[in-house]
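# Commentary on secondary and tertiary structure
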Amino acid sequence: MPFISLEDNHLTVLNLFTTDKPENQDRLIEEMTKIVDAAAYEGWMSSTVHAGVDLPGTANFIQWRSGEDLEKRYSGEEFKHRTMPVFSEITTSIRLLQNEVAYVLTSDALGGKVEIGPHRDDYTCISVFTVRADAQDEAIDALGAAQEYFKDLPGFRSHVVLKGLRARGLDGTFVVSYSQWDSKEAFEAYRDQPAEEQPEARKAAVARIRAVVEGAPSTNTYQVVHTRAAGE
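Everything quoted here is computed from the prediction, not taken from an experiment.

## Remarks on empty space enclosed by the protein
Tallied over the full model, the rule gives two cavities of 30 Å³ or more. The volume enclosed by the largest cavity comes to roughly 250 Å³. Along the wall of the largest cavity there are 21 residues; nearest its centre are Asn-15, Ile-35, Asn-60, Ile-62 and Arg-73. At the level of elements, β2 (11-18), α1 (22-38), β3 (44-52), β4 (57-64), α2 (67-75) and α3 (77-90) are the ones that each hand at least two residues to the lining of the largest cavity. Looking at the lining of the largest cavity element by element, the count peaks at four residues for α3. Of the residues that constitute the lining of the largest cavity, the class distribution is 16 nonpolar, four polar and one charged. When its volume is computed, the second largest cavity comes out at roughly 40 Å³. Those elements giving two or more residues to the lining of the second largest cavity turn out to be β1 (3-4) and β4. Classifying every residue of the lining of the second largest cavity gives four nonpolar, four polar and one charged.

Have a look at this one:
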């Protein structure tokens, strides 16, 4: 199963699709699963498909050996003339985000290892922040190290910050947060905590983030439904 790690230096690609109908989400998952199960691309390492919970859509968390390998995939006839037309037909937006892992935090129970796969029951939240071009490092620190209080939150499992490198379907500089929780209830208890009850560390981190973001973040929650790694 795939792991998210600072040490591996993979290119992490996060493909985020939205749609306006639950039945189209089912079709997206079906089409993504077909691609993942047939994947034999040079440099491809793993793909993990997530189904949207709060909003219809999907996320595909993909690990590649390098950007050069990914560009070969993008320039291929299958991608241009079958994959993208099929997805364009059933989506309302497509964002293909290339990233590197910038920060990882886990609960003590996970011992620093972030695993993703349908064999787990993680409730996952993914947020994309568009930030000022001169403030990406500040955003990464505010979203990452400044939020180590996560470890004290009931139901917290892991928190990963991805540094955006380049994108299709998204303009500007960006940072992504990917977090895992025990349950929907645990995540929502954190999300909806009244400001007056929040720890000072959270208030300070939120203020730093607000100072560098441009517009509201794009957020959805997910459950992992399928994964496969090269050689499986």
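Let us keep going from here.
## Topic: the pattern of salt bridges
Scanning the entire structure with this criterion turns up 23 salt bridges. A salt bridge links Asp-54 to Lys-184; its shortest N-O distance comes to 3.4 Å. Taken together, the residues Asp-54 in the loop between β3 and β4 and Lys-184 in helix α5 (residues 184-191) connect sequence positions 130 residues apart. Residue Asp-54 is classed as partly exposed on the basis of its relative accessible area, which comes to 36%. Among the salt bridges present, the one from Glu-77 reaches Lys-80, with a minimum N-O distance of 3.7 Å. Separated by three residues within a single helix, Glu-77 and Lys-80 lie in helix α3, roughly one turn from each other.

## Structural notes on the layout of surface pockets
By volume, the largest pocket is sized at about 620 Å³. Phe-129, Tyr-190, Arg-202, Val-206 and Pro-217 are, among the 26 residues lining the largest pocket, the residues nearest its centre. Elements with a contribution of two residues or more to the lining of the largest pocket: β7 (123-131), β9 (173-181), α5, α6 (200-212) and β10 (218-229). No other element matches α6, which puts four residues into the lining of the largest pocket. Across the lining of the largest pocket, the residue classes break down as 12 nonpolar, 10 polar and four charged.

## Brief notes about the packing of helix α4 (residues 136-143) against α6
Interhelical geometry of α4 versus α6 gives an angle of 155 degrees and a closest axis separation of 9 Å. Here α4 lies roughly antiparallel to α6, going by the angle between them. Like other packed secondary-structure pairs, α4 and α6 cross with a definite hand, here left-handed. Residues Glu-138, Ala-139, Asp-141, Ala-142 and Leu-143 of α4 lie in contact with α6, whose contacting residues are Ala-205, Arg-208, Ile-209 and Val-212. Residues belonging to the contact of α4 with α6 are distributed by class as follows: six nonpolar, no polar and three charged.

Cut-offs used in this document
- Residues numbered from 1 in each chain as written.
- Predicted model: local features only at pLDDT ≥ 70, side-chain atom pairs only at ≥ 80, totals over all residues.
- Heavy atoms only, no water.
- 1 Å grid on protein atoms, 1.4 Å probe; cavity = no way out; pocket = protein on both sides within 12 Å on 5 of 7 lines; lining within 4 Å.
- Points joined across faces, edges and corners; volume = space filled by probe spheres on them.
- Helix = DSSP H or I, 4+ residues; strand = E, 2+ residues; numbered from the N terminus.
- Nonpolar A, V, L, I, M, F, W, Y, C, P; charged D, E, K, R; others polar.
- Salt bridge = Lys/Arg side-chain N within 4 Å of Asp/Glu carboxyl O.
- Buried < 20%, exposed > 50% of the residue type's maximum accessible area, 1.4 Å probe, protein only.
- Axes fitted to C-alpha atoms, helices over the stretch in contact; angles between N-to-C directions.
- Parallel < 35°, antiparallel > 145°, perpendicular 65-115°, else oblique.
- Left-handed = near helix turned anticlockwise from the far one by under 90°.
- Contact = heavy atoms within 4.5 Å.

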